[in-house]
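As a plain string of letters, each chain reads:
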Amino acid sequence: MKKTDRLVNILASDIEHKDVLEVACGAADFSISAARIANRVSCIDLDDSRLNNQVKQNNVHFQIMDASNMSYSDNEFDTIVIYNAFFHIQSQWNMIERECKRVIKGMGKIYIIGTWSLDTNLMIDTFGDNAIWHDGFLIVEMTK
Ligand SMILES: C[S@@+](CC[C@H](N)C(=O)[O-])C[C@H]1O[C@@H](n2cnc3c(N)ncnc32)[C@H](O)[C@@H]1O
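What counts and how
Residues numbered from 1 in each chain as written. Predicted model: local features only at pLDDT ≥ 70, side-chain atom pairs only at ≥ 80, totals over all residues. Heavy atoms only, no water. Helix = DSSP H or I, 4+ residues; strand = E, 2+ residues; numbered from the N terminus. Rg over C-alpha atoms; globule rule 2.2 N^0.38 Å. Buried < 20%, exposed > 50% of the residue type's maximum accessible area, 1.4 Å probe, protein only. Contact = heavy atoms within 4.5 Å. Near = heavy atom within 4 Å. Polar contact = N/O pair within 3.5 Å; in protein donor to acceptor, adjacent residues only side chain to side chain. Areas by Shrake-Rupley, 256 points an atom, 1.4 Å probe, with all protein chains shown as cover. Nonpolar A, V, L, I, M, F, W, Y, C, P; charged D, E, K, R; others polar. Arc of directions from axis to C-beta. Salt bridge = Lys/Arg side-chain N within 4 Å of Asp/Glu carboxyl O.

Asker: Mind showing me how you'd approach the overall build of the protein chain here?
Answerer: In terms of regular secondary structure, the protein chain is built from five helices and seven strands. In sequence order, the protein chain lays out its α and β elements as α-β-α-β-β-β-α-α-β-α-β-β. What you see for the protein chain is a C-alpha radius of gyration of 14 Å, in line with the 15 Å of a compact globule of 144 residues. Each principal axis of the C-alpha atoms in the protein chain carries an extent, and together these give about 35 × 35 × 30 Å. Expressed as a percentage of its 144 residues, the buried residues of the protein chain come to 50%. Long-range contacts, defined as pairs at least 24 residues apart, comprise 60% of the intrachain contacts of the protein chain with a sequence gap of at least 6.

What follows is the structure in structure tokens.
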């Protein structure tokens, strides 16, 4: 099973029939996996150079957008996922966190997830005991 399919299974209760946003999506492999069960999947990155060409076939809506200044309305998404990208956005985290909390619905969840040591070491330094391992994925769960 693909790694991102396993992750979607772990997060299923926050993905199934939900409006999901993947931030700093790169190839958008997580979004493609989430699209199997989500209501709607949007994903954003500063560029599309690594974007997987299966994105369109899987009904995933990609946009070039700066996560620190999103064009989405307030309270648009049920679930936001940042997958294997924390190292790359760390210097902008305060602004990105503020934007994620603006576009997430009141009861929504924000997940920061890492599998690479570059990301996981930094997540442990930043979030301490709030970073918890689940089946090979280090997961930080946040609310609004
Ligand atoms: C390691 S890659 C992401 C990996 C991706 N989640 C994947 O699984 O393929 C980190 C990404 O963060 C993106 N990024 C960095 N700063 C960003 C920002 N302010 N807004 C949106 N994307 C950003 C980069 O363009 C890069 O594609």
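So that's the structure; there's more coming.
Asker: I'm lost on the site of the ligand in this one. Help?
Answerer: In the region of the ligand, 17 residues are neighbours, and Asp-45, Asp-66, Ala-67, Tyr-83 and Gln-92 sit closest. Backbone polar atom of Cys-25 to an oxygen atom of the ligand: 3.4 Å apart, as the coordinates give it. Taking Gln-92, its side chain carries an N or O atom lying 2.6 Å from a nitrogen atom of the ligand. Contact with the protein chains covers 89% of the free accessible surface of the ligand, which is 600 Å². Its residues assigned to classes, the shell around the ligand shows nine nonpolar, four polar and four charged.

Asker: I'm lost on the environment of Asn-130 in this one. Help?
Answerer: Within the secondary structure layout, Asn-130 lies in the loop between α5 (117–127) and β6 (131–134). When the C-alpha positions of Asn-130 and Ile-110 are compared, they lie 13 Å apart, and in sequence the two are 20 residues distant. Ignoring sequence-local partners within four residues, the contact set of Asn-130 consists of Ile-139, Val-140 and Glu-141.

Asker: Mind showing me how you'd approach helix α1 (residues 3–10) here?
Answerer: Counting along an α-helix, one turn takes 3.6 residues, and residues three or four places apart therefore face a common direction. By the burial criterion, the buried members of α1 are Thr-4, Asp-5, Leu-7 and Val-8. Angularly, the buried residues of α1 cover 160° about the axis, an arc narrow enough to put them on a single face. Contact partners of the buried residues in α1: α2 (29–34), β4 (77–83), β5 (104–114) and β7 (137–142).

Asker: Which parts of the structure should I look at to understand the side chain of Ser-42?
Answerer: Locating Ser-42 in the fold gives a position in strand β2 (residues 40–45). When near neighbours in sequence (up to four residues on either side) are disregarded, Ser-42 contacts Val-20, Leu-21, Glu-22, Ser-31, His-61, Tyr-72 and Phe-77.

Asker: Explain the pattern of salt bridges here, please?
Answerer: Proximity of charged atoms lets side chains of opposite charge pair with each other. One pass over the full model with this rule turns up eleven salt bridges. Arg-36 is the partner of Asp-5 in a salt bridge, and the nearest nitrogen-oxygen pair spans 3.6 Å. In this pair, Asp-5 sits in helix α1 while Arg-36 sits in the loop between α2 and β2, placing the two residues 31 residues apart along the sequence. A relative accessible area of 49% places Arg-36 in the partly exposed class. For Lys-105, the salt bridge goes to Asp-19, with nearest N and O atoms at 3.9 Å. With a gap of 86 residues between them, Lys-105 in strand β5 and Asp-19 in strand β1 (residues 19–23) connect regions that are remote in the sequence. Lys-105 gets classed as partly exposed once you look at its relative accessible area, which sits at 28%. The buried category is assigned to Asp-19, whose relative accessible area is 12%.

Spatial relationships are all this shows, so hold off on functional conclusions.
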